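# Examination of the molecular architecture
What follows is each chain in one-letter form.
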Amino acid sequence: MAKVRCKETSVDSFFGNFLYDQKVSRNHFLRKLNEIIDWSCFTNRLLRYYRGKGEVGQAPYNPTIILKMLLLSYLWNVSERMVEELANDSLSIALFLGVGADEKAPDHSTLTWFKNRLIDNAGVKAYEELFDEIICIAQEKGIKFGKLQIVDSVHLVADVNVEKDKQRQREGKPPRDKAATWGAKRDKIVMGKDGKKHKETQYFYGYKDQVSLNANTELVTSVIPGYANDYDGHKLKKLVEKDEGKGIEVGTVAGDKGYDDGDNHYYLKGKGINSAIRLNSYRTEKKDQNKEGWLKLKESTEYQEGLRERYKIERKFGEARKWHGYERCRYLGYIRHAIQSYLTFMAINLKRLVKLLTGVSFRGEARVYAVSG
């Protein structure tokens, strides 16, 4: 069997580790991230998607370097072109990537080839496996996952100017994003022209993902990329199965009214899992004896505790939107939107892992790293 090899770097030269030891703080977030993650475990996994698999042909960049650059673009919510620029300006980033201070990082076009290579060979599954590996690492590091899982959906607006896109289609041209769909965001109370308040449904054009969060660790454990018009209630079972497939013991599932489906309650009960899905009012306000079971559920400790913890997933979505660009799609199409979803939550989980294991917090401004090194 041929030996796997990647392009050599000068990280161990005078312009590498010696300089980094002098200039980059021991408590720097990126240094800590390298300490807690054995990035070499990703190398062979990723080389499977290369034509020569790192065994024949010209030695490629270590694919882990490319993966790290992609993750940095999501950590800081900057373009891949900007990540290339930052990687060549910042000592802390060069240290994190494992390249020498005197050599150039891979350019942004290499990142594009890398993404496409994974798509062509394994599709979205390749990115889901990378995301899942971080959960596996957390477990190996001794992170204690609680039994309460919180599920919710989060939407992303397509990278489309809707009005211009309508004009394009009137001219007989295809839509800019063929996979994007319309979906309901929320109901909002507005003041009508008659001076009275009305409930108005707000809509968005794009995609909607289903997410499961462990309440104790605040790590996102499962992600299901989807379409804007998907029904939330149909995704709960799959989220639970994905969590359990990672060895997470699910004792209670909390969710909003979008998951209040009879089949979901039946499914959870059959598995011995407590339901903390917020009940619609029609279940407890009906005028027959069938509401007694729902009233009993509503009064249970697990139900009330689960709903008290639901804010954690809303806070996680707020973090994703505000700091990591998880509000609007970076790319066009379902597959590339899914890449954004997995890499975004992978990056956010890495932040959380560093905090849990070392106490070091992430500073979110890329310019800080570029200037300070």
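Per chain, the residues get numbers from 1 upward, laid out in the order the sequence is written. Confidence filtering applies because this is a predicted model: local features only for residues at pLDDT of at least 70, side-chain atom pairs given and counted only at 80 or more, and all residues used for totals across whole chains, interfaces and linings. Side-chain calculation: all heavy atoms of the structure are included, whereas hydrogens and water are not.

## Observations regarding the environment of Asp260
When you line up the elements, Asp260 lands in the loop between β5 (252–255) and α11 (262–270). Only protein chains enter the accessibility calculation, which uses a 1.4 Å probe. A residue is then buried if its area is under 20% of the maximum for its type, exposed if over 50%, and partly exposed in between. You can call Asp260 buried: its relative accessible area is 5%. When the C-alpha positions of Asp260 and Leu332 are compared, they lie 32 Å apart, and in sequence the two are 72 residues distant. The contact criterion used is simple: two residues touch if any of their non-hydrogen atoms lie within 4.5 Å. Here Asp260 is in contact with His265, Ile277, Arg278, Leu279, Asn280, Tyr282 and Arg283, once residues within four sequence places are set aside. In this description a helix means any DSSP run of H or I spanning at least four residues, a strand means any run of E spanning at least two, and both kinds are numbered starting from the N terminus.

## Let's talk about the packing of helix α4 (residues 63–75) against helix α16 (residues 334–358)
Where α4 contacts α16, the two axes come as close as 9 Å, and the packing angle between them is 85°. With respect to each other, α4 and α16 are oriented roughly perpendicular. Every residue of α16 that contacts α4 at Leu67, Leu70, Leu71, Tyr74 and Leu75 is listed here: Gln340, Leu343, Thr344, Met346, Ala347, Leu350 and Lys351. Among the residues forming the contact of α4 with α16, the class breakdown is 9 nonpolar, 2 polar and 1 charged. Here the axes come from fitting lines to C-alpha atoms, over the contacting stretch only for helices, and the angles between their N-to-C directions go from 0 to 180 degrees. When an angle is under 35 degrees it counts as roughly parallel; over 145 it counts as roughly antiparallel; between 65 and 115 it counts as roughly perpendicular; any other value is oblique. Throughout, the ten residues Ala, Val, Leu, Ile, Met, Phe, Trp, Tyr, Cys and Pro are labelled nonpolar, Asp, Glu, Lys and Arg are labelled charged, and all others, Gly among them, are labelled polar.

## Brief notes about the confidence of the model for the protein chain
Residue-level confidence of the predictor is summarised by pLDDT, bounded by 0 at the bottom and 100 at the top. Averaged over the protein chain, the pLDDT score is 89; the fraction of residues at 70 or greater is 90%. Across residues 366–373, where pLDDT falls below 50, the model places 23 contacts with residues more than four positions away in sequence or in other chains.

## Focus on unusual backbone geometry
Within the chain, Asn77 stands out as a residue other than glycine whose phi angle is a positive 55°. Relative to the assigned elements, Asn77 resides in the loop between α4 and α5 (80–89). Even without being glycine, Glu218 reaches a positive phi, approximately 60°. By the element assignment, Glu218 lies in the loop between β3 (197–214) and β4 (220–224).

## Structural notes on the pairing of strand β6 (residues 274–277)
Relative to β6, β5 runs parallel, the two sharing 4 bridges. In the strand pairing of β6, Val253 is matched with Ser275. Orient the strands so they point away from the viewer, and a crossover whose first-strand-to-second-strand path over the helix runs clockwise is right-handed. Each parallel crossover has a hand, and the one from β5 via α11 to β6 is right-handed. Paired strands, as defined in this entry, are two strands with at least two bridges between them according to DSSP.

## Remarks on the nonpolar core
Within the largest apolar cluster, 98 residues are counted, with the highest numbers of intra-cluster contacts made by Leu33, Phe42, Leu67, Leu97 and Phe345. At 11 residues, α16 tops the list of elements feeding residues into this core. If we skip the residues at most four places from it in the chain, Leu67 touches Trp39, Phe42, Leu46, Phe114, Leu130, Leu343 and Met346. Among buried residues, those of type Ala, Val, Leu, Ile, Met, Phe, Trp, Tyr and Cys that are joined through side-chain atoms within 4.5 Å constitute a nonpolar core. Of all hydrophobic cores here, the second largest spans 5 residues; its members include Leu279, Trp294, Leu297 and Leu307.

## Examining the pattern of salt bridges
Definition used for salt bridges: Asp or Glu carboxyl oxygen within 4 Å of a side-chain nitrogen of Lys or Arg. By the definition in use, this model includes 25 salt bridges. With its nearest N and O atoms 3.4 Å apart, the salt bridge here joins Arg48 to Glu129. With Arg48 in the loop between α3 (40–47) and α4 and Glu129 in helix α8 (residues 124–140), this residue pair connects regions lying 81 residues apart in the sequence. With a relative accessible area of 43%, Arg48 lands in the partly exposed category. A relative accessible area of 25% means that Glu129 is categorised as partly exposed. Salt-bridge contacts for Lys316 lead to Glu319; the nearest nitrogen and oxygen are separated by 3.8 Å. In this pair, Lys316 and Glu319 both sit in helix α15 (residues 311–324), 3 residues apart, roughly one turn of the helix. Using a relative accessible area of 6% as the deciding quantity, one classes Lys316 as buried. One network of salt bridges, with partners in common, ties together Arg45, Arg48, Glu129 and Glu133.

## Overview of the layout of surface pockets
Grid spacing is 1 Å over the protein atoms alone, the probe is 1.4 Å, and a cavity is where that probe fits but cannot get out, while a pocket is an open set with protein on both sides within 12 Å along at least five of seven lines and lining residues have an atom within 4 Å of a point. Grid points are joined across faces, edges and corners, and a volume is the space filled by probe spheres set on the points. Counted as a void, the largest pocket has a volume near 610 Å³. When contributions to the lining of the largest pocket are tallied by element, the ones reaching two or more residues are β1 (148–157), β2 (181–191), β3 and α15. Here the element with the most residues in the lining of the largest pocket is β2; it accounts for 5 residues.

## Quick notes on the packing of aromatic side chains
Only Phe, Tyr and Trp rings are paired, with Trp represented by its six-membered ring, and only when their centres lie within 6.5 Å; those with planes under 30 degrees apart are stacked, over 60 edge-to-face, the remainder tilted. Enumeration over the complete set of coordinates arrives at 8 aromatic pairs. Summarising the aromatic geometry, the rings of Phe29 and Phe362 are spaced 4.9 Å apart at their centres and angled 65° between planes, so their arrangement reads as edge-to-face. A residue pair is termed long-range when its members are at least 10 positions apart, and Phe29 in helix α2 (residues 29–36) and Phe362 in the loop between α16 and α17 (366–372) qualify at 333 residues. What makes Phe362 buried here is its relative accessible area of 16%. When the ring of Tyr227 is compared with that of Tyr334, the centres are 4.9 Å apart and the planes differ by 20°; the resulting orientation is stacked. In this pair, Tyr227 sits in the loop between β4 and α10 (236–245) while Tyr334 sits in helix α16, placing the two residues 107 residues apart along the sequence. Judged by relative accessible area, which is 30%, Tyr227 ranks as partly exposed. Site record: aromatic cluster; members linked through ring pairs are Trp39, Phe42 and Phe96. Working rule: Lys NZ or Arg CZ, within 6 Å of ring centre, within 35 degrees of ring normal, means a charge sits over the ring. Positioned above the aromatic ring of Phe96, the side-chain terminus of Lys68 is 4.7 Å from the ring centre.

## Quick notes on a positive patch on the surface
Exposure above 30% relative accessible area and the absence of a salt bridge qualify a residue for a patch, where like charges join within 9 Å and nonpolar side chains (Val, Leu, Ile, Met, Phe, Trp, Tyr) within 5 Å. Surface accessibility in these figures is a Shrake-Rupley result with a 1.4 Å probe; residues are shielded only by whichever protein chains are displayed. The charge count treats Lys and Arg as positive and Asp and Glu as negative. His and the chain ends do not count. A charge is said to be at NZ when it belongs to Lys, at CZ for Arg, at CG for Asp and at CD for Glu. On the surface, Lys199, Lys257, Arg278 and Lys298 cluster together into a positively charged patch. Secondary-structure assignment places Lys199 in strand β3. Lys199 gets classed as exposed once you look at its relative accessible area, which sits at 64%.

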